[in-house]
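# Coordinate inspection notes
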Amino acid sequence: MKSSDYETLVSEILACEKCPLSRSRTRAVPGEGSLDSIIMFVGEAPGKSEDEQGRPFVGAAGKLLNTLLESIGLERGGVYITNVVKCRPPENREPEEPEVRACNPYLVRQLNIVNPKIVVALGRIAGKTLYEMCGLKWHNMRVARREVVKCRVGEASFKLVATYHPAAALYNPGLREELEEDFRERIAKVASQVGGKTKTLEDFLLRGKKEPTTSQEG
Ligand code: URA
Ligand code: SF4
């Protein structure tokens, strides 16, 4: 059963000591959101706020992610959000290859439990990790931003979209525009093509089809 598989997975992550990041973390951050979501967002690693709260994307980058989700009519609670590694790297350094490898089976299981139609990789680390999980070569973000690739991991088949990490866009207004464009032009478009199985996404699609609202008279 989906929810009991998920509960097992979460308790394994919370107790995990498979890589050295377990020694410096405050709390592991498994992920959160709807297990029925057609979209899954994958970031790099928990930061300071995430490590303190045990929840993904709750700091400054998380606020921007929430805004981006809203901009395409998605509710945060209606999507599933996680990271490539579930524990915070010291000083927010990038996770190292052995850490990514040690943690990868959890991401594989999350993909198979949620079984999303679209996976959005946020940033280079998530992009590279997911491309390689799909047997694809990662070049760089510039190349990846021009494509949406088909991907299969275990039983999960989905379209993979890589874009910038929201944290990078916080310090670079140019990147923020490109990130907003990716949400509008790539993520929302693919979402409307694959159709919705969550209420949130159906709402979003309906809203997308509605006539522009006319102003009330009198
Ligand atoms: N950055 C990430 O990659 N993940 C988080 O959860 C928060 C910030
Ligand atoms: Fe385990 Fe992943 Fe945390 Fe490493 S980062 S201790 S593999 S949960």
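Preceding this paragraph is the structure being described.
In what follows, the accompanying structure is described. (Residues numbered from 1 in each chain as written. Chains lettered and ligands numbered in written order. Predicted model: local features only at pLDDT ≥ 70, side-chain atom pairs only at ≥ 80, totals over all residues. Heavy atoms only, no water.)

Scanning the entire structure with this criterion turns up three aromatic pairs. Taking 5.9 Å as the distance between ring centres and 10 degrees as the angle between the ring planes, the aromatic pair formed by Phe41 and Phe183 counts as stacked. Here Phe183 lies in helix H9 (residues 173-194) and Phe41 lies in strand E2 (residues 39-43), a separation of 142 residues in the sequence. Both residues of the pair, Phe41 and Phe183, belong to the buried class. Aromatic pair Tyr131 and Trp138: ring centres 5.1 Å apart, planes at 80 degrees, arrangement edge-to-face. Across the pair, Trp138 and Tyr131 agree in class, each one buried. (Phe/Tyr/Trp six-rings, centres within 6.5 Å; stacked < 30°, edge-to-face > 60°. Helix = DSSP H or I, 4+ residues; strand = E, 2+ residues; numbered from the N terminus. Buried < 20%, exposed > 50% of the residue type's maximum accessible area, 1.4 Å probe, protein only.)

The next point concerns the packing of helix H4 (residues 60-71) against H9. Running from N to C, H4 and H9 point in directions that differ by 40 degrees, and their axes come no closer than 9 Å. In terms of axis orientation, H4 runs oblique to H9. When you trace H4 past H9, the crossing you get is right-handed. Residues Leu64, Leu65, Thr67, Leu68 and Leu69 of H4 form the contact with H9, whose participating residues are Arg176, Leu179, Glu180 and Phe183. Classifying every residue of the contact of H4 with H9 gives six nonpolar, one polar and two charged. (Axes fitted to C-alpha atoms, helices over the stretch in contact; angles between N-to-C directions. Parallel < 35°, antiparallel > 145°, perpendicular 65-115°, else oblique. Left-handed = near helix turned anticlockwise from the far one by under 90°. Contact = heavy atoms within 4.5 Å. Nonpolar A, V, L, I, M, F, W, Y, C, P; charged D, E, K, R; others polar.)

Here we take up the site of ligand 1. As a structural note, the neighbourhood of ligand 1 is formed by Gly43, Glu44, Ala45, Glu50, Pro56, Phe57, Asn83 and His165. At 3.0 Å from a nitrogen atom of ligand 1 is found a main-chain nitrogen or oxygen belonging to Ala45. Within the side chain of Asn83, a nitrogen or oxygen atom sits 2.7 Å from a nitrogen atom of ligand 1. About the coverage of ligand 1: the protein hides 91% of its 240 Å² of free accessible area. Grouping the constituent residues of the shell around ligand 1 by class yields three nonpolar, three polar and two charged. (Near = heavy atom within 4 Å. Polar contact = N/O pair within 3.5 Å; in protein donor to acceptor, adjacent residues only side chain to side chain. Areas by Shrake-Rupley, 256 points an atom, 1.4 Å probe, with all protein chains shown as cover.)

This part covers the nonpolar core. Side chains of nonpolar character tend, in soluble globular proteins, to be buried together. Of all hydrophobic cores here, the largest spans 67 residues; its most connected members are Ile39, Phe41, Leu111, Leu130, Phe158, Leu160 and Phe183. Ignoring any residue separated from it by four or fewer positions in sequence, one finds Phe41 in contact with Leu65, Leu69, Val79, Tyr80, Ile81, Thr82, Val120, Leu122 and Phe183. (Core = buried A, V, L, I, M, F, W, Y, C linked by side-chain atoms within 4.5 Å.)

This paragraph deals with the site of ligand 2. In the region of ligand 2, the neighbouring residues are Cys16, Lys18, Cys19, Leu21, Ser22, Arg25, Lys86, Cys87, Ala102, Cys103 and Tyr106. Counting only elements with at least two residues in the shell around ligand 2, the list comes to helix H2 (21-24) and helix H5 (97-114). Element by element, the count of residues in the shell around ligand 2 is highest for H5, at three residues. Residues that form the shell around ligand 2 fall into these classes: seven nonpolar, one polar and three charged.

Along the chain, Gln110 falls in helix H5. At 3.1 Å, the side chain of Gln110 and the side chain of Tyr80 are in polar contact. Look past the residues within four positions of Gln110 in its chain and what remains in contact with it is Leu9, Pro30, Met40, Tyr80, Thr82, Lys86 and Asn115.

With that settled, the discussion passes to the pattern of salt bridges. One pass over the full model with this rule turns up 18 salt bridges. Here Glu12 ties to Arg109 by a salt bridge, and the two come within 2.9 Å at their closest N and O atoms. Of this pair, Glu12 sits in helix H1 (residues 2-15) while Arg109 sits in helix H5, placing them 97 residues apart in sequence. For Arg109, a relative accessible area of 29% translates into the label partly exposed. A salt bridge links Arg145 to Asp182, with the shortest nitrogen-to-oxygen separation between them at 2.7 Å. In this pair, Arg145 sits in the loop between helix H7 (141-144) and strand E5 (149-153) while Asp182 sits in helix H9, placing the two residues 37 residues apart along the sequence. When sorted by exposure, Arg145 lands in the same class as Asp182, which is buried. Overlapping salt bridges bring together Arg145, Glu178, Glu181, Asp182 and Arg186 as one network. (Salt bridge = Lys/Arg side-chain N within 4 Å of Asp/Glu carboxyl O.)

These values are about where atoms sit, not about what they do.
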